[in-house]
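# Per-entry structural report
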Amino acid sequence: MAARGHVQDPNDRRLRPIYDYLDNGNNKMAIQQADKLLKKHKDLHCAKVLKAIGLQRTGKQDEAYALAQEVAALEPTDDNSLQALTILYREMHRPELVTKLYEAAVKKVPNSEEYHSHLFMAYARVGEYKKMQQSISAQDENLSKTMFLPLAERMVEKMVKEDKIEAEAEVELYYMILERLEKYKEALDVVRGKLGEKLTSELQSRENKCMAMYKKLHRWPECNALARRLLLKNSDDWQFYITYFDSVFQLIDESWTPPAEEEHSLEGEVHFSIEQAVNFIEERIAEESKSSRPLRGPFLAKLELIRRLRLRGCNDEYKLGDPEELMFQYFKKFGDKPCCFTDLKVFVDLLPPSQYTKFIRQLLDVIPLVAAAENEVALPGDIKALQQHLCVVQLSRLLGIYHAMDKKQKLAVVRELMLRYRHGLEFGKSCLKTELQFSDYYCLLAVHLLLDLWLEGEEAAVWQCLTLLEEGLSHSPSNAQFKLLLIRIYCRLGAFEPVSELYSSLDAKHIQHDTIGYLLTRYAGSLGHYAAASQSCNFALRFFHSNQKDTSEYIIQAYKYGAFEKIPEFIAFRNRLNSSLHFAQVRTERMLLDLLLEANISTSLEESIKSMSLSPEEDDIPWKDLRDNRDLTVLFSWDPKDRDISEEHRKLSLEEETLWLRIRSLTLRLVSGLPTLAHTIQPKNSEKTAENGVSSKIDTIRALLQQLEAAVDSGKKFLEQKIQYPVLGPPPTRMAGFFSNGSCQCQTSLFYLVSDIYELDTNGLEDSAEIQERIGNSFKSLVERLTDLFNKCKGDLIEVRDGTLKTHPNLLENLVFFVETISIALWVSSYCDSVLRPFKSNLQKKKKKKKESSVAMPPVFTHFLDYVTELQTLTSNVIDHIKGLEIILTALKPEELSLKGTLLLQEEKKFTKTVQGKVQSSYHHSVQEIGELLKKRLDTIKKLKI
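Structural notes, computed from the coordinates. Residue numbers run consecutively from 1 along every chain, following the written order of its sequence. Totals for whole chains, interfaces and linings use all residues, but because this is a predicted model, local features are given only for residues with pLDDT of at least 70 and pairs of side-chain atoms are given and counted only at 80 or more. Hydrogens and water molecules were not included; the side-chain quantities draw on all heavy atoms of the structure.

## So, the environment of Ala301
Note the cut-off: Helical segments are the DSSP runs of H or I of at least four residues, strand segments are the runs of E of at least two, and each set is numbered from the N terminus. Relative accessibility decides the category of a residue: with a 1.4 Å probe and only protein chains considered, values under 20% of the type maximum give buried, values over 50% give exposed, and everything between is partly exposed. Note on contacts: a residue pair is in contact if any heavy atoms of the two residues lie within 4.5 Å.
With respect to the element layout, Ala301 can be found in helix α15 (residues 297-311). On the basis of relative accessible area, Ala301 is assigned to the buried category, the value being 0%. In sequence terms Ala301 and Glu282 are 19 residues apart; their C-alpha atoms lie 9.8 Å from each other. Contacts of Ala301, omitting those with residues within four sequence positions, involve Trp238, Tyr241, Phe245 and Ile281.

This is the structure:
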């Protein structure tokens, strides 16, 4: 409430007590004080608004809104009222009303600069770019180029001529306008001219802008000369090496030669041949030896040049030396730096596969390792040697040396890596809890090897993975990689319970809810942890909703402080998040989950759908603009290229996620259409003349059903490709299970049944024998399909095989699908019930009138009653099955199991016990939550008796 005017006005004195009450959170007193004041001064608009703020904060939104609109209708121009209304509208999340307020104020007081400024900021807040004349990013690209930007350009040019440009932000703005108008030559002149001298806040801001313009104008000589000049200043700046090489090869391809008499270019000397490039790099390496600290840039530039020459099929690479030798020398110089592996990873393709083993042996020979006794593993004596050895182990994995080993060799390597890991912990005794241990990567690499074994069918290996990761996490509680890998493996095993805690300990911030949130939301609901699923959806949705509000504020701050180049970035950021695939998925799954947990249990289906503002006609997912913001490389991987996640995997995963989202979204919209068909008394055959719009509602349902059929067909075609993602790549969707266990067929036929029941409703009971028979057959086949689905849920969730635990997460997913399908069946049955009940009471009235005891009951009633009875029996059977599962899970004693063939150490046994306990407890909770929900559903079935 601090932002109020300071004009000394008697009204200010009168309003002060109300402001104070509101500031101190005493809303009731604020309302009372405002009422007192309004009795004496009826026209004191601001008091009314302050009262409205008090009402809004005590939950009386409707009264507050009515009061505010009373004042707004009078189009106030006093500062107090305007600012109070702005605060109120912001709290109501109605920023669009602020624009109307200031539009009116500006009309009445056209000379007020302050009101114009407020109006501009209000437009920025709601994204009304078309109304912001100075807007750089007009939504209509064409309009922006033909009208707004040229106008802005002329305005700035006038300032330049009058020598009024003083601030750096103004030069930035001028540059941005010219760049967006594609006037690159003029933009370059601005940066190179006198105005460019003002660009000082960012390092090399002027040079970077010049370089960007040279590239746009394809002025490769200038690009080359500028990059060369900047590398002479700092030979460790990688981006300029890339530009230098790009421009050299462009000039070679264009057969460019320097002019005879003039300067080579605006920026000085140009290199235009391979010889010059080779010499330039050699000179940088020679210079590096004189540097006070070792520089990686020149050495990596040499490898980059070899790589490019090889790609072009040139025979000049011999002039630079043998890549294997160069990489070996690089390792000797930088092997003790954690970045050595990532630096060399880019260039391993330069090595011939036949040399891999020799290369690794060569690296190992230069690391100072000491063996305590003859047959023991040689260990590093200090952190430097440990880092060097770690680099070699990572390279061994990358070159596929470990992949080629058999099971026995792999297990031996795992034991050696864990020995090295535990030995390395000695170097990190003084590390804080928030710091990582130096030897953590040994543990991660051991786990990757065990994952290979698990995928090859070695069941015990996955438990050892979890054991080692839990052990690693106990020594290094802040290691995000340990946590992320644990999350993935627990989810693969079907245990969601430990995952919630692990994810919250990652302390994901802001944008990470979009980039890594999928690790949580993909499995939460599908493994039967409904409460945790609600919570994880809330985390994500809270971020997405606050982003919309926050980004508007960032844009306004950028305008205020003249950081104009940031504004298009913020707008692009907001759009990217609004079109996020994950946002659309979480929104859809959250609504389906809420319906599953509440509809026809605590509230009616109709109320639930109304509270979500759902409508079958509306589709708010931006299908054409969906953005996949998932970070699929968040888990470290040292796999060779052929085993790692590829661009193809990303495309396929996005396609699969979008298909699954379409199926889920259509299911949600079909369910939301059920209450709209609610039984209304209408004349027979009214389908032709339904003016109340219900017939159009059934048309909507039928159209959605066709779309669902098409989406399901596309999904089935997609799954025929039998795509296998890498184990650490994107998790597959639930689509395959949805089709294979029969849920899909059940749900689709339920929606077809809705169409038939509607037809019966409009045609009446007479002359509808055919429809009734069709409905009866649908009921029968539905019960059969649901029974089949239940059969696919049977079996032990966790079994002991050869002394090892084996989990069956697919059975758990099938159970979750069963609960969802039975819930849809009950919502459809409620609709049937609402249609058949009035028919039955009409028949009974007729019966009484005619005093006949034998008015024939139409067969549809018997069909429906039989169907409901069978549903009740089936649900009771499933509940009994779940009770049985609970008993088995409680009786299971995992600590008695021994993981054969893994030779566990005593400390590992402790972690194995913990891990198995977590999985067992998670399954137990899943089964309990599913059982509880089914009991509630059973109660609703019992009420369905017409």
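## A look at the packing of aromatic side chains
Given two aromatic rings, their pairing is described by the distance between the two centres and the angle made by the two planes. Here is the rule: Centres within 6.5 Å are what make two rings of Phe, Tyr or Trp a pair, Trp counting through its six-membered ring; a difference in plane orientation under 30 degrees is then read as stacked, over 60 as edge-to-face, and the rest as tilted. Distance and angle both matter: a charge sits over a ring if NZ of Lys or CZ of Arg is within 6 Å of the ring centre and within 35 degrees of the ring normal.
Overall, the coordinates contain 19 aromatic pairs when judged by the stated rule. Ring centres 6.2 Å apart and planes at 75° place the aromatic pair Phe636 and Trp638 in the edge-to-face group. The class of Trp638 is buried, set by a relative accessible area of 3%. Site record: aromatic cluster; members linked through ring pairs are Trp660, Phe738, Phe739 and Phe817. Directly above the aromatic system of Tyr523 lies the positively charged group of Arg522, at a separation of 4.4 Å from the ring centroid. When the ring centre of Tyr518 is taken as origin, the NZ or CZ atom of Arg630, which lies over that ring, is 5.7 Å away.

## Remarks on the state of the cysteines
Condition: Only a pair of cysteine sulfur atoms within 2.5 Å qualifies as a disulfide here.
One pass over the structure, following the stated rule, counts 0 disulfides. No disulfide involves Cys391; its nearest neighbouring cysteine sulfur is the one of Cys340, lying 3.8 Å away. Looking at Cys431, it has no disulfide partner, and the nearest cysteine sulfur is the one in Cys443, 15 Å off.

## Thoughts on unusual backbone geometry
Peptide bonds are, in most cases, trans, and in most cases residues other than glycine have a negative phi. In this structure, Gln204 is a non-glycine residue whose phi angle is positive, near 55°. Here Gln204 is to be found in the loop between α10 (184-192) and α11 (205-216). Given a relative accessible area of 22%, Gln204 falls into the partly exposed group. For Lys722, which is not glycine, the phi dihedral falls at a positive 50°. Counting through the fold element by element, Lys722 comes out in the loop between α32 (694-719) and α33 (735-740). For Lys722, a relative accessible area of 69% translates into the label exposed.

## Here's the deal with the pattern of salt bridges
We apply this condition: Take a side-chain nitrogen of Lys or Arg and a carboxyl oxygen of Asp or Glu: if they are within 4 Å of each other, that pair is a salt bridge.
Evaluated as defined, the whole model comprises 48 salt bridges. The partner of Lys337 in a salt bridge is Asp336, with the nearest N and O atoms 3.7 Å apart. You can call Asp336 buried: its relative accessible area is 15%. One salt bridge connects Arg837 with Asp833, and the closest N-O pair in it is separated by 3.1 Å. With Arg837 and Asp833 both in helix α36 (residues 809-850) and 4 residues apart, this pair spans about one turn of that helix. A residue is classified by how much of its surface remains accessible, and Arg837, at 39% relative accessible area, is partly exposed. Put simply, Asp246, Glu304, Arg307 and Arg308 are held in one network by salt bridges that share partners.

## Some points on the environment of Lys909
Relative to the elements of secondary structure, Lys909 occurs in helix α38 (residues 906-942). For Lys909, a relative accessible area of 43% puts it in the partly exposed group.

## Structural notes on the pairing of strand β3 (residues 798-801)
Which entries qualify depends on this criterion: Two strands are counted as paired when DSSP detects at least two bridges linking them.
Note: β3 against strand β4 (residues 804-807), 4 bridges, orientation antiparallel. Its bridge partner lying in β4, Glu799 is registered against Lys806. Between β3 and β4, which pair antiparallel one after the other, the connecting turn spans 2 residues, and Asp802 there sits at a positive phi close to 50°.

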